[in-house]
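A look at the structure
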Amino acid sequence: MKRAGVLLLAAVPVIATGVYFVMPTDSADAPVTPPTATTQSSREDAKSRAEEERAADDALIADLPPGLAAPAKKELAQQLVSSAENSTTKWRTSYGTIEDLGDGCGYTAGIIGFCTGTHDLLTLVERYTEAHPGNGLAEYLPALREVDGSDSHEGLDPGFTAAWQAEAELPAFREAQEEERDRVYFEPAVRLAKLDGLGTLGQFVYFDAMVFHGPDTDPEGFYGLREQAMRKAKTPGQGGPEKAYLKTFLDVRREAMRTKRPGIDTSRVDTAQRRFLEAGNLKLDTPLVWEMYGDTYRLP
């Protein structure tokens, strides 16, 4: 996956966060003040409000069309992403793919481009091992934790790539890859796109950006890009034109890609998503024709 390191958040979209840190004093003997009843009450109130807001969002989404979550559209979305990640629309042939793309993310593997350097591959293997102890990748967990956040192969070579390919032959590991794709990328992206008033194309735009940039809140992460776009244009949920907002989001994303890696091929934005947008295909209806890294793809 050609993206920066990510901070994997829960599968709940983060729209705004306020984090407060209590710094320790210089004295080791400084007393620790237990939380007061007022503090505890405030926390419970905040939690209750968050639960109420989420319930209201759930009710809103439940009344909307399925959009990209419809089975046929979800299949289409994975085909589009796969053309960028693995140069094929036959995404089910990619469970066992694994290579170092030289982009600073270590090994990139599987159907969505899980990376040894960006935490998502580690999380996938950890969760898979919890459900299937003794699997062929479990022995590499200590090494995966050590190389997380870097492009290092230390402790992984020479056997990790073969172990990944062998495990990818098992239905359980294929299912685990799909579940992690949905939990970390697809479901949060589609949910937030719907709350922003976006249709099927906009939901895919969010999904692909989540995959490439990661669910991070920094300026180059998905949530950071969304905030930048919203400072320049209103979402449909805020009363803005859908096409104008999506154009702005794609502009912001393209700039972020080029700033991070000058000379990067931005096909997935310029000759795929932007092409659909300019054609007014906000429902992402087939047939579709797009170009990716010089290759042309067609879905009837």
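The coordinates are above.
These lines cover the structure that appears in this document, whether it is placed above or below. (Residues numbered from 1 in each chain as written. Predicted model: local features only at pLDDT ≥ 70, side-chain atom pairs only at ≥ 80, totals over all residues. Heavy atoms only, no water.)

**Thoughts on helix H2 (residues 71-85)**
Stated precisely, the cut-off is as follows: Strands are runs of DSSP state E lasting at least two residues, helices are runs of H or I lasting at least four, and both sets are numbered from the N terminus onward. For a helix, the expected span equals 1.5 Å multiplied by the residue count minus one. Accessible area is worked out with a 1.4 Å probe on protein chains only. A residue is then buried under 20% of its type maximum, exposed over 50%, and partly exposed in between. For this analysis, residues touch if any pair of their heavy atoms sits within 4.5 Å.
When the terminal C-alpha atoms of H2 are compared, their 21 Å separation across 15 residues agrees well with the 21 Å that a helix rising 1.5 Å per residue should span. Buried residues dominate H2, accounting for eleven of its 15 residues. Within the span of H2, buried status applies to Lys73, Leu76, Ala77, Gln78, Gln79, Leu80, Val81, Ser82, Ser83, Ala84 and Glu85. At its buried positions, H2 is contacted by helix H6 (171-195), helix H7 (200-213), helix H10 (267-278), strand E4 (288-292) and strand E5 (295-299). Just beyond H2, the residue with positive phi is Ser87, at close to 55 degrees.

**Section: the environment of Asp103**
This is how it is decided: Polar contacts, as counted here, are pairs of nitrogen or oxygen atoms within 3.5 Å of one another; within protein the pair requires one atom able to donate a hydrogen and one able to accept it, and residues that are adjacent in sequence qualify only if both atoms are side-chain atoms.
With respect to the helices and strands, the residue Asp103 is situated in the loop between strand E1 (98-100) and strand E2 (107-109). The spacing of Asp103 and Asp151 is 48 residues in sequence and 8.2 Å in space, taken between C-alpha atoms. A polar contact is formed between the side chain of Asp103 and the backbone nitrogen of Cys105, at a distance of 3.1 Å.

**Structural notes on the environment of Arg191**
Looking at the secondary structure, you find Arg191 in helix H6. Along the sequence, Arg191 and Asp57 sit 134 residues apart, while their C-alpha atoms lie 9.0 Å from each other.

**A few points about the pattern of salt bridges**
What counts is decided by this rule: When a carboxyl oxygen of Asp or Glu is within 4 Å of a side-chain nitrogen of Lys or Arg, the pair counts as a salt bridge.
Summed over all chains, the structure comprises 18 salt bridges. With its nearest N and O atoms 2.6 Å apart, the salt bridge here joins Asp58 to Arg191. Of the two residues, Asp58 sits in helix H1 (residues 37-62) while Arg191 sits in helix H6, which places them 133 residues apart along the sequence. We classify Asp58 as partly exposed; its relative accessible area is 34%. Here Lys260 and Glu220 are joined by a salt bridge, their closest N and O atoms 4.0 Å apart. Here the residue Lys260 occupies a position in helix H9 (residues 242-260), and Glu220 occupies one in the loop between H7 and helix H8 (222-232), the gap between them amounting to 40 residues. Residue classification places Lys260 among the partly exposed positions, given a relative accessible area of 46%. Here Glu220 falls in the partly exposed class, since its relative accessible area comes to 28%.

Coordinates in, geometry out; function isn't part of it.
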